[in-house]
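Architecture at a glance
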Amino acid sequence: MTQKHKEIDNTILSELLKHPTKLIEEFESALEIISTTKDLNELNVWANLGLSLANQTSRSWETAASYFYSSSQIANLIPHTYFVKWSHCGANLCKKSPQLATSYFQASPNVMTKLRSRHIETWANFGHTLYKETWKSGRLASKFFNSSPELVSSLSMMEMETFVNFLDAISLKSIDTAIDCLDHCKKVFTSLDKNKTAILSISSILLETNWKEVPSFLKISSEMLPEIHALQRPRFLDIISCFQESENSSNIPSTTLQLSKSLSLIDQSIQGQIIGLAEQLLTISTEATSEFVLTAPNNLQRIDIGQIERWHKEGLNILLKNIDAGVSFFRVESSHSQQVIESLSSSVEFEKVKHLIEMYCQALAGSEIQIAPSEDLVDKNIGWISNESPSTEGSIVYLPSLIDRYSHKIDNFAWLKVVSTHQVGHLEFGSFGFKFERPSTIFSDLRCELENRYSESSMLKNSEKYVPATLISNPHSVTDMQRFFRLFDDKQLALDIFSVVEDYRIDSIIKKNYLGLKQSYNTIQTDSISTRPKIKSLPAREALVEFLVLLSLKQNTVIPVPSKYSKVAKNMSLILRNFRTIGALVEDSAEATLRIYSMLSQVPNEDLSDDEWQDLDSNSESQEDIDQPKDEDVLRDIIKSQAKKQEENNADENQYESVQNVDYRGDFKPELVQLLSALRNENESEKNDQNQVEITQEMIEELLKESADVNNVENSRSTSSSSQFASNILKEASSRLDTDQLSGKVDNLHVEEKGGALDPSEHQSFVYDEWDFRAGDYKPRWCIIKHKNMEEGNPEYYSATLHDYRALVGQIRRQFELMAPETLRKVRKLVDGEDIDIDDAIEAMIDIKTGSGPSEKLYWRRNKVQRDVAVIFLLDTSASTAEAIEETRNPDDKWEAPNDQTEYMAWLRARRGEGTRRSYKRIIDLEKEAVVLLINALETIGDVYGIYAFSGYGRENVEFYTIKDIEEAFSDTVKRRIDRVAPMHATRMGPAIRHATTKLESQDARTKILFLISDGRPQDRGYSREGVEKEYAVHDTKKALDEARDKDITAFCLTVDKNGHDYLKTMCEDIGYEVLDDINTLPRRMLYLYRRLTT
Amino acid sequence: MNTTTQTLYQSYIVEEYFLSEEPFYLPIGDEVELFQAAYEQKIPILFKGPTGVGKTRFVEYMSYKLGKPLTKVKKHSSQKSSLSRNKSSKNSGQNLPLVTIACHEDLTASDLVGRYLLQGDSTEWIDGPLTRAVKSGGICYLDEIVEARKDTTVLIHPLTDHRRILPIEKRGELIEAAEGFLLVMSYNPGYQTALKDLKHSTRQRFIAIEFDPPPRDIESDIIRHESGVNKQTADQLARLGEKVRNLKEHGLSEGASTRLLIYAGKLMTQGISPRRACQVAVNWAITDDFSIHRTVEEVISSIFE
């Protein structure tokens, strides 16, 4: 017995002995522990209390026993005052019911580890509340105490109170039910992160309306909630509570069950989106909401989430108009709903096939072709207006973003393929390579002749009679196409004819060369005939153009033509027939255009009555039937039409309107394309060519004004002036980076920094000295590095980048694999080794036989050759990396960083708030892409590497982000972090380099490399001294790099700042650096440099 | 014991193997004239170009052609004279031997020159293929020279300059190359890496003839001749080849070679459907990349019915 044991009042001991021996055993073992912390007085009080507990009733000694046991457990956990309080609470409970007190004491050791001491009383009172002096309520209260450890860990005190009140309320109805609820709630709470009250509030409302449903609701919740993604659970409960509020809340538990079951069938990653869509419906109709969720799993098997959104949007519109119709839509009972799903499931979405079609087009065209949805082209406002039809502008093929013409996916895809082949066909078979002077192959050349006639007649008086106005005003043409179209007065008619003929030529070549496409081509051509306007409803000239279109779509058919002009029609069909032979050039199309134009310009555009038509079988007539117009006649007719136009403006005639485009052929704008490519070439050749005429904005405006390509656009879009087009076109064509923009953005004015050394108070912050080159000494503990992990984004970014760079990835992988060590290399001709090399042994034998001295080096051995490289990449993520590299697509976008500090911060926030996907690239994007390629390459050779980004604002705030820690293995987390790399603040390089150096120092690799990628000089608020703003930062950085070198770390700086040479010379005096001239080469160059550094 | 043994195969001594028929080769540019001129002037030749464009076929063709010495090709002689053939000389033994050596990582100098072999108690010297070619005055064709070990250059250098000698170190001999000897190497710049590049001192001893995939019409003729398909199919195959090559630099490291297109044609003549033949002979042969497979698949289905 211990000393203290003896000092305990003997009377207490003897009293205790009256009870079963279990009690005194518990007491003694508890005393052993507790006596170490309590003084004698306290011990006596403690023992007395236990005794009084034991004496309360005949069975209460058990309560006392558990009191002794628990107190030994918690005496060290809580301060004495609370210990006393705890004991008294227990004693009070015991007065009501010893069993309850026993549960209280038993639960205490586990509860106390989680419960704040000051809540002890509240907690005990909860038990009190629940205990209603009946045996059953005692069971509930005990149960409450037993469950307390779990409850305390998942609920706050506030929530606990709500919960107890709820239990209390339900126990008034039925205590058994309350006990059930307690059990279920325990589970529910653990599955819910926050918002535990949501489930309680639903339950309490339920309690009032239909209390019997409460336990089943809770049971279902406890079972089904884990099936739903943790983040979505509160949202789901919100939906349920909305259901409750709505009038027809019939059966909440079963609704919950159904909805959650339905959700559980959906992949967790898209549950959020489904719930989001459901929330949109909630305010309109709960019924529709539940139908939407219930049908979702089924629908998802047919269409994907993106398509669900389209379907949902459609349904939402219906729902807003008519609730009942909407509900049946979401129940997928209305036929409209089914149709929508049907067409969505068979439609081909542009985004999904983009890569495939892009590569396909590249294969066909043999040049860089990009694919973009046709909306993009319209957005550029350079002359294209329809966003549904396919088109091309020379290097980009524009396709509609959704193809749902047919009921089968295969057909839709075939359509897309035909369309893209047709568009690429324009490139492959030279539609845009039109040369005015190149002779055609089928026809005799009239173009030059016609031009000569014009120039002759322009010498005459009142020449405007015979020469198109535009030709007189400005005889110089920018493109060959423009020169050609200038020959015509009615440019629209000429362009229409040219388009049909040229499209027909392309179609014929494709059908001959791509036999596999022929069938779908024919189907699509036939189908597009059905969308054509009724030929008989058109006035004469338009009807004849339409005739040409129909003929180009399907030969050997009978087409009605105006009887008056059947000869013209026959002639046209003969001209068109020439293109069935392979080898027709775009110049042939031009010649055909001349001939057809000469005929059609004679035809007045008059309305015809029904009996003025006759059917023409385009196949039947033979060559002899008709006398084709002579070349001379063609020229004469064109010039005549010119004169006629000038004289009489026939009132009977309808204004000629161009025919509707053939859907699969889309927009064809030869003049604009030639112009764009001419401009692009001009940009590339840097005007080396003296003869090349510089294209000015005025010239383009001129061209656009007269161009038929644009004329029809202008009609429909009155706001767009041709000068606006012109400047947009110029912008589109030039993608040169304006170097002036790259100069420093952050306010570089000197701010004198007050204050002394800093202390890193937070976790993961480090303090570094800074070099003051004017003082020639370090400023001690001057900068604080805050080391954080980069936030996590979407891992898709990683694979998408790899896909975009697939060509380079392959190359890099090969190159890096060659760098990879052959871990075991057989080394021959050694004096000693694993085994004798048989070749060398024979050689030695031969040497002995031939009498010369044999070599002793007969052995070989496998040598382990290992790369031993550790490298850290430091990415500059300062705000200036947000610079766009390509010409900004959206001219209104302001990338200028304001100079004022507060404005700057606001600007920065706005920047970062924007969506992550942009249509143009920024410096940071290239840095990110370089990182992706780098990781991909480094993983093949197994070098130890870390990737960090740095930025910061001020010396106490240098941010240092981990993208991949040097000791971390590559994982999805790293992929996700890359996605979130974004431009931040300023560039305080010194501390970042020092921190990276520290990290590298801890590595025991033989070669250590620090690779710095930046976009400009180091600069930051207060990173300067009066008068030497720029030098200060440069010198500190230099010092940091020197420190690294002293620690055997090879540093290398790569910068994309074209003006980098001036300060890098100082900064990297004897350290490798490189200035990238073309930022776009960053990923490739970075890997090359890395390879060079490490081999 | 009187059973006669029948030889099931034909074996030749390396320098005595001659092509009995003229190999089919369609010149794309002036490579035939260049080769002839270089041969006359004893200038070594380096072939550059991707696999399957006909480098080996060309050297076979040239050795056959030059081995029929007819009217000897004179300098400044017109193309015509080189094509005229003296049939009587066909068996005159003037054939030009062609020794082809495929280089690999472990190919050492002694593999080329020759080595002593133990024979019973004595040793015997066996000439290597290069030595044989040097002695017999034929063309020695080193295929994929960058793969060979660096010590082979020791042999190449003296053979390729004015000396034209082959030192045989082990025997202490120098062999002067016979009159008709010429060294020809091939090398595929596609595989060029920092580690495996020809040194300039080696490289600049050769004139380089560049081989590119033939233009579509010529390739079509080649395919037609080699595989026996009709003109239309040959045209389609050539078109396919052209389109697939366009994908180079878009993830494809090497385009479809003429050889593969010929294989596809050969499969077709055996009754395999065109799409399937192209799939196995072209698409699956050139890459394992899924997205390229899909693309090529679409190109195939566009071109072939």
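Bear in mind the structure is a predicted one, so any value in this text is a computation, not a measurement.

Things to note about the overall build of chain B
Broken down by element type, chain B carries 12 helices and 9 strands. Taken over 305 residues, chain B has a buried fraction of 49%. Sequence separation of 24 or more characterises 71% of the internal contacts of chain B that already satisfy a separation of 6 or more. A total of about 15700 Å² of accessible surface is found on chain B, and carbon and sulfur atoms cover 49% of it.

Remarks on the pairing of strand β15 (residues 958-964) of chain A
All names here are of chain A. Along β15, 7 of the 7 residues are buried, which leaves the element largely enclosed by surrounding structure. Sheet topology places strand β9 (residues 777-789) next to β15; 5 bridges connect them, and they run parallel. Looking across to β15, one finds that lysine 788 is bridged to tyrosine 961. Relative to β15, strand β14 (residues 944-952) is paired through 6 bridges, and the arrangement is antiparallel.

Re the confidence of the model for chain A
Note: predicted coordinates in regions of low pLDDT should not be interpreted at a detailed level. Residues and elements named next belong to chain A. Counting all residues, the mean pLDDT for chain A is 74, and 78% of those residues have values of 70 or more. Helix α35 (residues 708-716) is the least confidently modelled element of chain A, averaging 47 in pLDDT, while helix α27 (residues 491-513) averages 86, the highest of any element. Below pLDDT 50 for its whole length, residues 887-898 participates in 29 contacts with residues either more than four positions away or in separate chains.

Some details on the sheet that holds strand β5 (residues 139-143) of chain B
All names here are of chain B. Taking strand neighbours across the sheet as the criterion, the 5 strands line up as β2-β5-β8-β1-β9 in an open arrangement whose pairing is parallel. Sheet topology places β2 (98-102) and β9 (207-210) at the edges, where each strand pairs with a single neighbour. In this sheet, neighbouring strand axes are inclined to one another by 20° on average, regardless of whether the strands run parallel or antiparallel. Note: β2 against β5, 5 bridges, orientation parallel. Across the sheet, the residue bridging to leucine 98 is isoleucine 139, located in β5. Here helix α2 (residues 55-67) sits on the sheet in contact with β1 (45-48), β2, β5 and β8 (182-187), set at roughly 175° to β5.

With respect to the environment of A:Ala198
The topology assignment puts A:Ala198 in helix α12 (residues 196-210). Expressed as a C-alpha distance, the spacing of A:Ala198 and A:Asp238, which sit 40 residues apart in the sequence, is 7.1 Å.

A word on the side chain of A:Ser174
Residues and elements named next belong to chain A. Checked against the element boundaries, serine 174 lands in the loop between α10 (157-173) and α11 (175-191). Relative accessible area serves as the criterion here: at 17%, serine 174 is assigned to the buried category. A polar atom in the side chain of serine 174 sits 2.7 Å from the side chain of threonine 177.

Quick notes on the state of the cysteines
Here the structure, examined in full by the defined rule, presents 0 disulfides over all chains. Here A:Cys185 is not disulfide-linked; the sulfur of A:Cys181 is the nearest cysteine sulfur, at 6.0 Å. A residue is classified by how much of its surface remains accessible, and A:Cys185, at 1% relative accessible area, is buried. B:Cys103 provides the cysteine sulfur closest to B:Cys140, a residue in no disulfide bond, and the two sulfurs are 8.5 Å apart. Take B:Cys140: its relative accessible area is 0%, and that puts it in the buried class.

Focus on unusual backbone geometry
Residue and element names in this part refer to chain B. At lysine 42, a residue that is not glycine, the phi angle is positive and equals roughly 55°. The topology assignment puts lysine 42 in the loop between α1 (31-40) and β1. A residue is classified by how much of its surface remains accessible, and lysine 42, at 28% relative accessible area, is partly exposed. You will see that glutamate 144, though not glycine, has its phi angle at about 55°, which is positive. In this structure, glutamate 144 sits in the loop between β5 and α6 (152-160). Exposure remark for glutamate 144: the relative accessible area of 19% places this residue in the buried category.

Concerning the interface of chain A and chain B
Counting residues at the interface gives 30 residues for chain A, matched by 31 residues for chain B. Counting the surface lost from both chain A and chain B, the interface buries some 2800 Å², and carbon and sulfur atoms represent 60% of this. Run the count over chain A and chain B and you get 3 salt bridges. In this structure, A:Glu428 engages B:Arg239 in a salt bridge whose closest nitrogen and oxygen atoms are separated by 3.5 Å.

Some thoughts on a nonpolar patch on the surface
Where nonpolar side chains cluster on the molecular surface, the patch consists of A:Ile838, A:Ile842, A:Met845, A:Ile848 and B:Leu118 and spans about 440 Å² of accessible area. Sorting elements by how many residues they give to the nonpolar patch places helix α39 (residues 838-850) of chain A first, with 4 residues.

A few points about the pattern of salt bridges
This model, assessed by the stated rule, comprises 34 salt bridges over all chains. Note that A:Arg235 and A:Glu279 form a salt bridge whose closest N and O atoms lie 3.0 Å from each other. In this pair, A:Arg235 is assigned in helix α14 (residues 233-245) and A:Glu279 in helix α16 (residues 268-282), connecting sequence segments 44 residues apart. A residue is classified by how much of its surface remains accessible, and A:Arg235, at 27% relative accessible area, is partly exposed. Its relative accessible area of 28% is what places A:Glu279 among the partly exposed residues. The residue B:Glu242 makes a salt bridge to B:Arg216 at a minimum N-O spacing of 2.9 Å. Of this pair, B:Glu242 sits in helix α9 (residues 231-246) while B:Arg216 sits in helix α8 (residues 216-227), placing them 26 residues apart in sequence.

Some remarks on the packing of α9(B) against helix α10 (residues 258-269) of chain B
Residues and elements named next belong to chain B. Put simply, α9 and α10 touch, their axes get as near as 10 Å, and they point 145° apart. Considering the relative orientation of α9 and α10, their crossing is right-handed. Contacts between α9 and α10 involve Thr233, Leu237, Gly241 and Arg245 from the former and Thr258, Leu261, Ala264, Gly265 and Met268 from the latter. Taken together, the residues that form the contact of α9 with α10 break down as 4 nonpolar, 4 polar and 1 charged.

Some details on the packing of aromatic side chains
To describe a pair of aromatic rings, one takes the distance between the centres and the angle between the planes. Residues and elements named next belong to chain A. Summed over all chains, the structure comprises 38 aromatic pairs over all chains. Measuring from centroid to centroid gives 5.5 Å for tryptophan 311 and phenylalanine 330, while their planes differ by 85°, and the two rings are edge-to-face. In this pair, tryptophan 311 sits in helix α18 (residues 305-321) while phenylalanine 330 sits in helix α19 (residues 323-330), placing the two residues 19 residues apart along the sequence. Owing to a relative accessible area of 0%, tryptophan 311 belongs among the buried residues under this scheme. These aromatic residues form a ring-pair network of at least three members: Phe27, Trp46, Tyr67, Phe68, Phe83, Trp86, Tyr104, Phe105, Trp123, Phe126, Phe144 and Phe145.

Quick notes on helix α24 (residues 447-457) of chain A
Burial in α24(A) covers these residues: A:Arg447, A:Leu450, A:Glu451, A:Tyr454 and A:Ser457. In an axial view of α24(A), the angular spread of the buried residues amounts to 130°, which keeps them on one side of the axis.

Comments concerning the sheet that holds strand β8 (residues 765-772) of chain A
Sheets are built from strands that pair by backbone hydrogen bonding, the pairs being arranged parallel or antiparallel. All names here are of chain A. As summarised here, the arrangement of the 8 strands in space is β8-β9-β15-β14-β13-β16-β17-β18, forming an open sheet in which the pairing is mixed. Each having just a single partner strand, β8 and β18 (1072-1075) make up the two edges of the open sheet. Here the average twist between neighbouring strands, direction ignored, is 25°. Against the sheet, helix α42 (residues 972-979) touches β9 and β15, its axis set at about 135° to β15.

What counts as what
Residues numbered from 1 in each chain as written. Chains lettered and ligands numbered in written order. Predicted model: local features only at pLDDT ≥ 70, side-chain atom pairs only at ≥ 80, totals over all residues. Heavy atoms only, no water. Helix = DSSP H or I, 4+ residues; strand = E, 2+ residues; numbered from the N terminus. Buried < 20%, exposed > 50% of the residue type's maximum accessible area, 1.4 Å probe, protein only. Contact = heavy atoms within 4.5 Å. Areas by Shrake-Rupley, 256 points an atom, 1.4 Å probe, with all protein chains shown as cover. Pairing = 2+ DSSP bridges. pLDDT = per-residue confidence, 0-100. Axes fitted to C-alpha atoms, helices over the stretch in contact; angles between N-to-C directions. Polar contact = N/O pair within 3.5 Å; in protein donor to acceptor, adjacent residues only side chain to side chain. Disulfide = S-S within 2.5 Å. Buried area = accessible area lost by both parts, 1.4 Å probe. Salt bridge = Lys/Arg side-chain N within 4 Å of Asp/Glu carboxyl O. Patch = residues over 30% accessible without salt bridge, like charges linked within 9 Å, V, L, I, M, F, W, Y side chains within 5 Å. Left-handed = near helix turned anticlockwise from the far one by under 90°. Nonpolar A, V, L, I, M, F, W, Y, C, P; charged D, E, K, R; others polar. Phe/Tyr/Trp six-rings, centres within 6.5 Å; stacked < 30°, edge-to-face > 60°. Arc of directions from axis to C-beta.

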